[in-house]
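A closer look at the structure
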Amino acid sequence: MKQISTLLILLCFVSLSAQEEEKTSGFFYKPSISVTLTTNENYTIANDEDETFINPNGLFFNNTIGYQFDSRSSVGLNIEYDHFLDQDLNFFPVYLDFTYTIFDFDDQVFVRGGYGTLVDLGKSFEDGNMYTLGVGYRAFDDNFKNSWLIGFDFSRRRFGFRQTEKLSSFAIFLEFMLF
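Treat the numbers as computed from the prediction; the structure is a model and nothing was measured.

On to the confidence of the model for the protein, then. The predicted structure's coordinates, where accompanied by low pLDDT, should not be read in detail. Summing up the model confidence of the protein, the mean pLDDT is 86 and the portion of residues at 70 or higher is 86%. Contacts for the low-pLDDT stretch residues 10-20, under 50 throughout, to residues beyond four places or in other chains number two contacts.

Take a look at the structure:
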């Protein structure tokens, strides 16, 4: 009898602890993809060459490991690979970012900013520093745990001899945040 009551108490404890609640703080992982767009200078209306008016200029692949302090603020360590097609430039930024929710309803509208370094991984990669500013929309899943993020980022990279060369980009991002 004592073993059965111990087993029932253990089962009740496990079932109560297994119930998912809205998660407002803790560690998260966030993969993302971004693209910068540019206009095609050679585009003409009714062209016969299947050219488009807007073309991609850069592709960015990002991985973020971070910590969310509460429902409004978080900090993340970003490791990213950036490739600019027209300029044939590669960057490997490693940077910290801070995200703050400005409108907190069922879904959220947020702003974020980050600063870091461009890591020199050899001849194909530029070294220097960068900063980024962004705004976006965060939509949660049914249990308010994981979420999709979409928005815009402005980034500025300084690189080259004494970091005199500059490259700015305006990107559209899509991210998935796993809590």
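Moving on to the side chain of D97. Relative to the elements of secondary structure, D97 occurs in strand β5 (residues 93-104). Within the buried set, D97 has no salt-bridge partner at all; the shortest N-O distance to an opposite charge, 4.7 Å, is to K30. Discounting chain neighbours no more than four positions away, the residues touching D97 are S74, V75, G76, N78, R112, G113 and G114.

Right, let's talk about the packing of aromatic side chains for a bit. Per the stated rule, a full pass over the model turns up eleven aromatic pairs. Both rings, one in F91 and one in F159, keep their centres 5.2 Å apart while their planes meet at 70°; by these two values the pair is edge-to-face. With F91 in strand β4 (residues 89-91) and F159 in strand β8 (residues 147-159), this pair connects stretches of sequence that are 68 residues apart. In this structure, F91 and F159 share a single accessibility class: buried. Members of the aromatic cluster, connected to one another through ring pairs, are F60, F84, F91 and F159.

With respect to the helices and strands, the residue S34 is situated in strand β1 (residues 26-39). S34 gets classed as buried once you look at its relative accessible area, which sits at 9%. Aside from chain neighbours lying at most four places away, what touches S34 is G58, L59, F60, A171, I172 and F173.

Thresholds applied
- Residues numbered from 1 in each chain as written.
- Predicted model: local features only at pLDDT ≥ 70, side-chain atom pairs only at ≥ 80, totals over all residues.
- Heavy atoms only, no water.
- pLDDT = per-residue confidence, 0-100.
- Contact = heavy atoms within 4.5 Å.
- Helix = DSSP H or I, 4+ residues; strand = E, 2+ residues; numbered from the N terminus.
- Buried < 20%, exposed > 50% of the residue type's maximum accessible area, 1.4 Å probe, protein only.
- Lys, Arg positive; Asp, Glu negative; His and termini not counted.
- Salt bridge = Lys/Arg side-chain N within 4 Å of Asp/Glu carboxyl O.
- Phe/Tyr/Trp six-rings, centres within 6.5 Å; stacked < 30°, edge-to-face > 60°.

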